[in-house]
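Understanding the architecture of this molecule
Take a look at the letters that make up each chain.
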Amino acid sequence: MEDIEATIRHVSTSKPDIFFTTVSYPIKGTPYYQQIQNKLVQLKPWGQSSDRDIKIAGRHSRAYYAHADKLLRDEVQRSRLIESEVPDPVLLDQLNASIRASRNGLINTGAELEA
């Protein structure tokens, strides 16, 4: 959660025109792969899979990361809205509700593991 909150603060403060998130995945031959290779779970036979088909034992679930992504996007949008000349109160209420839902989703999926 610390990293997610730090990312929200950073993106809200730096105000990039465009930003996106991705969940890292191991690519053979990289330091990251070397670091976690003993946690890798291959879901399909080698000849039928790619680097993205490998799961990492002990990592949060895709649902967890989906909530984190939604939270980041909504928090940044809320920050921009608050700083606008005439904030839309209805949109602000909707964003606040979505942010609460995403935070609850993170809590509820925090113990779910990928593999």
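**Side note on the confidence of the model for the protein chain**
Averaged over all residues, the pLDDT of the protein chain equals 93, while 100% of them reach at least 70. The secondary-structure element of the protein chain with the lowest mean pLDDT is strand 2 (residues 54-56), recorded at 87, while helix 4 (residues 89-109) shows the highest, at 98.

**Here we look at the pattern of salt bridges**
All chains considered together, the criterion is met by seven salt bridges. Between E114 and R59 there is a salt bridge, and its shortest N-O distance comes to 3.6 Å. Linking E114 in the segment after helix 4 with R59 in the loop between strand 2 and helix 3 (62-83), this pair joins segments that are 55 residues apart in sequence. We classify E114 as buried; its relative accessible area is 18%. Salt-bridge contacts for D74 lead to K70; the nearest nitrogen and oxygen are separated by 3.0 Å. Here D74 pairs with K70, and both are found in helix 3, just four residues apart, close to one helical turn. D74 sits in the buried class, given a relative accessible area of 5%. One continuous salt-bridge network, built from bridges that share partners, spans E5, E75, R78 and R103.

**Focus: helix 1 (residues 2-14)**
Between its first and last C-alpha, helix 1 extends 18 Å over 13 residues, near the 18 Å set by a 1.5 Å rise per residue. Taken together, the buried positions of helix 1 are I4, I8, V11 and S12. All buried residues of helix 1 lie within an arc of 100° about the axis, which places them on one face of the element. In this structure, helix 1 carries E2, D3, R9, H10 and T13 as exposed residues pointing more than 90 degrees from its buried face. For helix 1, the elements touching its buried residues are helix 3 and helix 4. Positive phi shows up at K15, right after helix 1, with a value of about 55°.

How each quantity is defined
- Residues numbered from 1 in each chain as written.
- Predicted model: local features only at pLDDT ≥ 70, side-chain atom pairs only at ≥ 80, totals over all residues.
- Heavy atoms only, no water.
- pLDDT = per-residue confidence, 0-100.
- Helix = DSSP H or I, 4+ residues; strand = E, 2+ residues; numbered from the N terminus.
- Salt bridge = Lys/Arg side-chain N within 4 Å of Asp/Glu carboxyl O.
- Buried < 20%, exposed > 50% of the residue type's maximum accessible area, 1.4 Å probe, protein only.
- Expected span 1.5 Å × (residues − 1).
- Arc of directions from axis to C-beta.
- Contact = heavy atoms within 4.5 Å.

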